[in-house]
Amino acid sequence: MQGTVDGFSYGVVTPVVAYLMACLGGALGLRCTTRSLLVARSWRPGWLALGSAAIGSGIWTMHFVAMMGFTVEEAPIRYDKVLTFASLAVAIVMVGIGVFIVGYRGATGTALFTGGTIMGLGVASMHYLGMAGMRLRGTLEYNTLVVTASVVIAVVAATAALWAAAQVRGFLWSLGASLVMGLAVSGMHYTGMAALSVHLHGSGALPPGDSPAEILAPMMIGPLAFLLLAGVIVMFDPLMVLGGRPETREAAARARSGPSYSVPRSGDRHVPPPRRRSRQRPGSRTPQNW
């Protein structure tokens with residue numbers, strides 16, 4: 001028996017809120033990645049880690065906000081805590097790998113392809129691991145072609161987001177990129193949900209686990225609080241608001257510090273500058289000096 005799947009039981013409320021969560025996490029993560037390119041190398045890991053956690057938390061929160069509106073009419077849904085938490089860890093770790101690759105290698109073709117692929121696979125893994133944490137009286141079945149399409153959307157969206165973060169074109173550029181990223185992540189989620197069908201096993205006792213209201217609402221408090229904290233850090237960092245390219249700031253710093261001179265090191269061979277030939281005036285008996 002096929003179950004009746006409804007992904008919009010609360011109307012447009014859950015899709016809109018989920019999209020905003022994806023945009024918030026993407027905006028904070030992209031700005032932190034941008035900030036990592038403008039600071040000394042010793043500070044870079046901290047900003048990249050903060051950006052990875054922001055993007056991963058935003059994507060995870062988006063997924064489970066959307067899942068609050070997911071129901072199967074003939075069967076109640078429960079969630080396994082371990083797999084639900086594991087999906088959050090997978091999202092943060094794999095997004096972090098992609099962000100660190102671009103953060104240290106730059107926006108080269110190889111770095112963007114590698115980082116975007118790992119990050120996109122992390123987003124897709126988070127989604128399907130979170131789906132595996134659902135418990136109901138039935139079996140989840142997926143359309144392979146649609147699942148493949150959802151993974152491709154996730155990889156393309158992640159690559160585009162990393163490319164946008166590496167451009168360092170100011171706040172408005174990152175804001176627009178985060179809106180596109182939120183749309184792509186939401187599109188990946190609902191594409192993956194379109195691949196789902198539920199084959200029910202019949203009536204019986206409730207499956208083990210917690211209801212969506214019991215597990216998802218309390219679990220989302222932590223990531224939401226973290227996103228709020230990351231937003232405060234970004235908001236009070238003036239360099240994050242003003243933006244700018246790293247090479248422009250380095251050139252300005254060199255200009256303020258004045259011209260630089262090379263200091264000879266000990267052991268270097270000193271080559272004296274050539275002496276100018278002095279002109280001998282007519283009638284002078286003084287020999288020419290070289």
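Source: prediction; values computed, not measured. (Residues numbered from 1 in each chain as written. Predicted model: local features only at pLDDT ≥ 70, side-chain atom pairs only at ≥ 80, totals over all residues. Heavy atoms only, no water.)

### Some details on the overall build of the protein
Part 1: A count of helical and extended segments in the protein gives nine helices and six strands.
Part 2: Across the 290 residues of the protein, 42% fall into the buried class.
Part 3: Partitioning the contacts of the protein with sequence separation of at least 6, the portion at a separation of at least 24 is 87%.
Part 4: Element-wise, carbon and sulfur atoms account for 66% of the exposed surface of the protein, whose accessible area totals about 15,600 Å². (Helix = DSSP H or I, 4+ residues; strand = E, 2+ residues; numbered from the N terminus. Buried < 20%, exposed > 50% of the residue type's maximum accessible area, 1.4 Å probe, protein only. Contact = heavy atoms within 4.5 Å. Areas by Shrake-Rupley, 256 points an atom, 1.4 Å probe, with all protein chains shown as cover.)

### Describing a nonpolar patch on the surface
Part 1: Together, Tyr10, Val13 and Val17 line one region of the surface with nonpolar side chains, adding up to about 290 Å² of accessible area.
Part 2: With respect to the helices and strands, Tyr10 occurs in the loop between strand E1 (5-6) and helix H1 (13-36). (Patch = residues over 30% accessible without salt bridge, like charges linked within 9 Å, V, L, I, M, F, W, Y side chains within 5 Å. Salt bridge = Lys/Arg side-chain N within 4 Å of Asp/Glu carboxyl O.)

### Points about the confidence of the model for the protein
Part 1: Chain-level pLDDT for the protein is 78 on average; 74% of the residues reach the 70-or-more range.
Part 2: Model confidence for the protein, summarised as mean pLDDT per element, is weakest for helix H9 (residues 246-257) at 43 and strongest for helix H4 (residues 109-132) at 91.
Part 3: Across residues 241-263, confidence stays below pLDDT 50; counting only partners more than four residues off in sequence or on other chains, it has 20 contacts. (pLDDT = per-residue confidence, 0-100.)

### Points about the packing of aromatic side chains
Each pair of aromatic rings is reported with the distance of its centres and the angle of its planes.
Part 1: For the structure shown, the criterion picks out five aromatic pairs.
Part 2: Between the aromatic rings of Phe8 and Tyr190, the centroid separation amounts to 5.3 Å while the plane-to-plane angle is 15 degrees, which identifies the pairing as stacked. Placement of the pair is Phe8 in the loop between E1 and H1 and Tyr190 in helix H6 (residues 171-194), with a sequence separation of 182 residues.
Part 3: When its relative accessible area of 45% is taken as the criterion, Phe8 is described as partly exposed.
Part 4: Seen from their ring centres, Tyr128 and Tyr142 are 5.5 Å apart, and the 80 degrees between their planes marks the pair as edge-to-face. (Phe/Tyr/Trp six-rings, centres within 6.5 Å; stacked < 30°, edge-to-face > 60°.)

### Notes on the nonpolar core
Part 1: Ranked by internal contacts, the top residues of the largest apolar core, which has 52 residues, are Met67, Phe70 and Met134.
Part 2: If you list the elements that add at least two residues to this core, you get H1, helix H2 (44-68), helix H3 (81-105), H4, helix H5 (144-167), H6, strand E6 (196-200) and helix H7 (212-235).
Part 3: Formed by eight residues, the second largest nonpolar core is a distinct cluster that contains Cys32, Val39, Leu50 and Ala54. (Core = buried A, V, L, I, M, F, W, Y, C linked by side-chain atoms within 4.5 Å.)

### Looking at H2
Part 1: Look at H2: 36 Å from first C-alpha to last across 25 residues, which is about the 36 Å you get at 1.5 Å a residue.
Part 2: Extensive coverage of H2 is indicated by the burial of 21 of its 25 residues. (Expected span 1.5 Å × (residues − 1).)

### Comments concerning the packing of H3 against H4
Part 1: Packing of H3 against H4 brings their axes to within 8 Å, and their N-to-C directions diverge by 175 degrees. Taken together, the axes of H3 and H4 are roughly antiparallel relative to one another.
Part 2: Considering only residue class, the contact of H3 with H4 consists of 17 nonpolar, seven polar and one charged. (Axes fitted to C-alpha atoms, helices over the stretch in contact; angles between N-to-C directions. Parallel < 35°, antiparallel > 145°, perpendicular 65-115°, else oblique. Nonpolar A, V, L, I, M, F, W, Y, C, P; charged D, E, K, R; others polar.)

### Thoughts on the environment of Ile153
Part 1: As for its placement among the helices and strands, Ile153 is situated in helix H5.
Part 2: A relative accessible area of 30% means that Ile153 is categorised as partly exposed.
Part 3: Separated by 35 residues in sequence, Ile153 and Met188 place their C-alpha atoms 5.8 Å apart.
Part 4: The contact partners of Ile153, leaving out residues within four places of it in the chain, are Ala184, Met188 and Thr191.

### Observations regarding the pairing of E6
Part 1: The alternating pattern of E6 places Leu196, Val198 and Leu200 on a buried face and Ser197 and His199 on a face that is not buried.
Part 2: Where strand E5 (residues 138-142) lies against E6, five bridges are found, and the strand directions are antiparallel. The residue of E6 that forms the bridge with Thr139 is His199. (Pairing = 2+ DSSP bridges.)

### Examining the packing of H2 against H3
Part 1: Where H2 meets H3, the axes come as close as 8 Å, and the angle between the chain directions of the two elements is 140 degrees. Here H2 lies oblique to H3, going by the angle between them. Handedness of the crossing formed by H2 with H3: right-handed. Each of Arg44, Pro45, Leu48, Ala49, Ser52, Ala53, Ile55, Gly56, Ser57, Trp60 and Phe64 in H2 lies in contact with H3, whose residues at this interface are Thr84, Ser87, Leu88, Ala91, Ile92, Val95, Gly96, Val99, Phe100, Gly103 and Tyr104.
Part 2: Considered class by class, the residues forming the contact of H2 with H3 number 14 nonpolar, seven polar and one charged. (Left-handed = near helix turned anticlockwise from the far one by under 90°.)

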